[in-house]
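Chain residues, written in single-letter form:
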Amino acid sequence: GENVEQHPSTLSVQEGDSAVIKCTYSDSASNYFPWYKQELGKRPQLIIDIRSNVGEKKDQRIAVTLNKTAKHFSLHITETQPEDSAVYFCAEWGGSNYKLTFGKGTLLTVNP
Amino acid sequence: DTAVSQTPKYLVTQMGNDKSIKCEQNLGHDTMYWYKQDSKKFLKIMFSYNNKELIINETVPNRFSPKSPDKAHLNLHINSLELGDSAVYFCASSQAAEQYFGPGTRLTVT
């Protein structure tokens, strides 16, 4: 079945610190794992994604790691800035269906 | 930034009314979706259409009826609105797995 667990539900860090958000999934057929950022009152926006044939992907201050054996993936944000404050959603795309299953979101607050 | 657009942005209506939300994408994508985001921010898929054909219906009450006149449009009609329908509704489109969301429609049922 499809299930994505996301932790923590809230995360507060000081500007300049790193933030890590973790997700686990249950469907071994899942092969695509995006991360979305949703600012208050705005739409979710894709910020980074990873496919199952890759273990890590980096884009400037954000990176995603994937452990297929353990069925978990993580978002890493380094040198956090106040504009990183938002709700972050992980998701997984299964090979046997055509939908994204989202985690419940993490509210990240970066304190100046 | 009008790749995926929705109208209206806000919708306030009374219980029992019927309302529609429209979505259009100019990305040339084959697949479109409707999501519901409740007050706890949980994003839940409702429907998906691929080239005007319904491919996902996530046990949504039949008061909700999507319609796709062509692959660039996916509209959502809701009959007999209930208080629990209050939420933000997001349209999205994709060509493969990468999905792009519209700006959302905040529906408030009073």
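Please read all numbers here as calculations on a predicted model, not as lab measurements. (Residues numbered from 1 in each chain as written. Chains lettered and ligands numbered in written order. Predicted model: local features only at pLDDT ≥ 70, side-chain atom pairs only at ≥ 80, totals over all residues. Heavy atoms only, no water.)

What to know about the nonpolar core
The biggest cluster of nonpolar side chains holds 22 residues, and the ones touching the most others in it are Trp35, Phe73, Leu75, Ile77, Tyr88 and Leu108 of chain A. If you list the elements that add at least two residues to this core, you get strand 2 (10-14), strand 3 (19-25), strand 4 (32-38), strand 5 (45-51), strand 7 (62-67), strand 8 (72-77), strand 9 (86-93) and strand 11 (106-111) of chain A. With 4 residues, strand 3 of chain A is the largest single contributor of residues to this core. Membership of the second largest hydrophobic core comes to 20 residues, among which are Cys23, Leu74, Ile78 and Leu107 of chain B. (Core = buried A, V, L, I, M, F, W, Y, C linked by side-chain atoms within 4.5 Å. Buried < 20%, exposed > 50% of the residue type's maximum accessible area, 1.4 Å probe, protein only. Helix = DSSP H or I, 4+ residues; strand = E, 2+ residues; numbered from the N terminus.)

Some words on the environment of Ile56 of chain B
Mapped onto the secondary structure, Ile56 of chain B falls in strand 6 (residues 53-57). Sequence separation between Ile56 of chain B and Met46 of chain B is 10 residues; the distance between their C-alpha atoms is 7.5 Å. Contact partners of Ile56 of chain B, with chain neighbours within four places excluded, come to Tyr98 and Lys99 of chain A together with Ile45, Met46, Phe47 and Ser48 of chain B. (Contact = heavy atoms within 4.5 Å.)

Structural notes on the pairing of strand 1 (residues 4-7) of chain A
All names here are of chain A. Covered by surrounding structure in strand 1 are Val4 and Gln6 only, the residues Glu5 and His7 on the alternate face being uncovered. Inspection of the sheet shows strand 1 paired to strand 3 by 4 bridges, in the antiparallel sense. For Glu5, the partnering residue across the bridge sits in strand 3 and is Thr24. (Pairing = 2+ DSSP bridges.)

Quick notes on the pairing of strand 2 of chain A
All names here are of chain A. Side chains Leu11 and Val13 project from strand 2 onto a buried face, and the interleaved Thr10, Ser12 and Gln14 project onto a face without burial. When strand 2 meets strand 11, the two strands line up parallel, connected through 5 bridges. Within strand 11, the position partnered with Ser12 by the bridge is Thr109.

Quick notes on the packing of aromatic side chains
By the definition in use, this model includes 13 aromatic pairs over all chains. Ring centres 5.6 Å apart and planes at 65° place the aromatic pair Trp35 of chain A and Phe73 of chain A in the edge-to-face group. Of this pair, Trp35 of chain A sits in strand 4 while Phe73 of chain A sits in strand 8, placing them 38 residues apart in sequence. For the pair Trp35 of chain A and Phe73 of chain A, a shared accessibility class is recorded, and that class is buried. Between Tyr35 of chain B and Phe101 of chain B, the aromatic rings sit 5.2 Å apart at their centres with planes inclined by 45°, giving tilted as the arrangement. One end of the pair, Tyr35 of chain B, is in strand 4 (residues 31-37); the other, Phe101 of chain B, is in strand 10 (residues 99-101), and 66 residues separate them in sequence. Grouping aromatic residues by their ring pairs yields a cluster made of Tyr36, Phe89 and Phe102 of chain A together with Tyr33, Tyr35, Phe90 and Phe101 of chain B. Lying across the ring of Phe42 of chain B, Lys104 of chain A places its NZ or CZ 5.8 Å from the centre. (Phe/Tyr/Trp six-rings, centres within 6.5 Å; stacked < 30°, edge-to-face > 60°. Lys NZ or Arg CZ within 6 Å of the ring centre and 35° of its normal.)

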